[in-house]
Amino acid sequence: MLVSAGRVVTPARVFAPGWLLVEGDRIADVGPGEPPREPDVDLPGATLVPGYVDAHAHGGGGRSFDGGDPVAAAAVARTHLGHGTTSMMASLVTDDHRALVASVGRLADLVDDGVLAGIHLEGPWLSALHAGAHDPALLAAATPQRVDDLVTAARGHLRVVTLAPELPGGLEAIRRLRAAAVVSAIGHTDATYDVARAALDAGAAAGTHLFNAMRGLHHREPGPVAALLEHPDAYVELIADGVHVHPAALRLAARAKPHLTVLVTDAMAAAGSQDGDYRLGSLEVQVRDGVARLAEGGAIAGSTLTMAAAVRYAVQEVGLPIEDAVRAATATPAAMLGLGQVGALVPGFRADAVLLDDDLGVQRVLHRGCWVS
């Protein structure tokens, strides 16, 4: 199958126009200018980008990953696939340890089946001072046994763990996770700058939704924000929905780390659905005008974002070049997660792509070489 588009976004440059050749479930070739033969799909007004990679999402389509129910998890993945996300991580909020072990084991089956790209634990090793939409009663400090339990249950599919490094056992947990090839992300934390630097030195490699649910940036105590932004190798997640982060703050971070910025949705069940009352883990959430907040206390409780909407917001409202926004939604999260052969339109990679209209809305989605929308 040969696809021709007005713009094709590749890791090296933007072809305008360009084309993509697909053979089976793989990209065979990509190039600029006129296609080598009559294209099977010809959309001169469209932009072709890699399939989106969401490293942090809890739900969508009215369902969530909580509990690891395979039917619900597959429904979440289908919802986001319709919005261009072709590689989907399953994020779990804080829960009882035994429940988390069981959920991780069930979700690992879906990774084996190719429905999910991996598993992300957001909790329970988080700071009570920055709990956000996590049940404070279930927060705990990491112990070697509990770290090992979850790593074992995931069968190699646990890719990211968000934790607060200042908690007892935090730095040791980071070292233990690094040895198991799991990314430790600093988040939901009251860590000082020095503690955050110690966590990065111990092997932490990312920051979970930068600015949100962490000690703020202050000129005498710059905290984890400065530690993450100045570290040469640390990835930073950003939620580009106009609710979590002001455009200026997002622009500042993205310009500081253009090749290490990761756009995420942090989506909860209402993403791709409608306003109403939902649950996030054990907590009640109210979604009004597309904004999710805890019913008790009003804290932001994830988002109703899709990756397509995040890219559009990053370009149209924040002012990022399209190649930067697309990279932050594709190649960079794939690299952070250690996902091979996804996240870029290059020969040999999986044939995942999204056709966008003039407004950067999703027209069609190509997944593993087949059109799914």
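Residues numbered from 1 in each chain as written. Predicted model: local features only at pLDDT ≥ 70, side-chain atom pairs only at ≥ 80, totals over all residues. Heavy atoms only, no water.

(A) A look at the packing of aromatic side chains. Scanning all chains against the criterion turns up zero aromatic pairs. The lysine or arginine in question, R364, covers the ring of W371, its NZ or CZ lying 4.2 Å from the ring centre. (Phe/Tyr/Trp six-rings, centres within 6.5 Å; stacked < 30°, edge-to-face > 60°. Lys NZ or Arg CZ within 6 Å of the ring centre and 35° of its normal.)

(B) Fine view of the packing of helix α2 (residues 97–112) against helix α3 (residues 144–154). Closest axis-to-axis distance for the α2/α3 pair is 7 Å, and the angle between their directions is 20°. Considering the angle they form, α2 stands roughly parallel to α3. The element α2 and its partner α3 pack so that their crossing is right-handed. Residue-level contacts link H97, L100, V101, V104, G105 and A108 of α2 to R146, D149, L150, A153 and A154 of α3. In the contact of α2 with α3, the residues fall into seven nonpolar, two polar and two charged. (Axes fitted to C-alpha atoms, helices over the stretch in contact; angles between N-to-C directions. Helix = DSSP H or I, 4+ residues; strand = E, 2+ residues; numbered from the N terminus. Parallel < 35°, antiparallel > 145°, perpendicular 65-115°, else oblique. Left-handed = near helix turned anticlockwise from the far one by under 90°. Contact = heavy atoms within 4.5 Å. Nonpolar A, V, L, I, M, F, W, Y, C, P; charged D, E, K, R; others polar.)

(C) Examining the sheet that holds strand β16 (residues 276–280) more closely. Taken together, three strands build an open sheet; the order of strands is β16-β17-β18 and the sheet is antiparallel. This sheet does not close on itself; its edge strands, each paired only once, are β16 and β18 (291–294). Averaged over all neighbouring strand pairs, the angle between strand axes comes to 35°, with direction disregarded. (Pairing = 2+ DSSP bridges.)

(D) The arrangement of the sheet that holds strand β14 (residues 235–239) in detail. Within the open sheet, the eight strands sit side by side as β6-β9-β10-β11-β12-β13-β14-β15. Their pairing is parallel. Of all strands in the sheet, those with a lone pairing partner are β6 (52–54) and β15 (261–264), marking the two edges. Across four bridges, the pairing between strand β10 (residues 118–122) and strand β11 (residues 158–163) is parallel. Bridge pairing links H120 to V160 in β11.

(E) The arrangement of the nonpolar core in detail. Within the largest apolar cluster, 93 residues are counted, with the highest numbers of intra-cluster contacts made by Y52, F65, L107, L116 and L210. Ranked by the residues each element gives to this core, the list is headed by helix α8 (residues 307–318), at seven residues. If you look at the next biggest cluster of nonpolar residues, it comprises 16 residues, including V22, I27, V41 and L48. (Core = buried A, V, L, I, M, F, W, Y, C linked by side-chain atoms within 4.5 Å. Buried < 20%, exposed > 50% of the residue type's maximum accessible area, 1.4 Å probe, protein only.)

(F) Broad picture of the side chain of T332. For T332, the position within the fold is in helix α10 (residues 331–337). Those residues in contact with T332 that lie beyond four places of it in its chain are Y235, H259, L260, T261, V262 and R327.

(G) Layout of the packing of α8 against helix α9 (residues 322–329). As a packed pair, α8 and α9 sit with axes 9 Å apart at the nearest point and diverge in direction by 150°. Overall, the two elements α8 and α9 adopt an arrangement that is roughly antiparallel. In this structure, the crossing between α8 and α9 has a hand that is right-handed. Every residue of α9 that contacts α8 at M307, V311, A314 and V315 is listed here: I322, A325, V326 and A329. Across the contact of α8 with α9, the residue classes tally to eight nonpolar, no polar and no charged.

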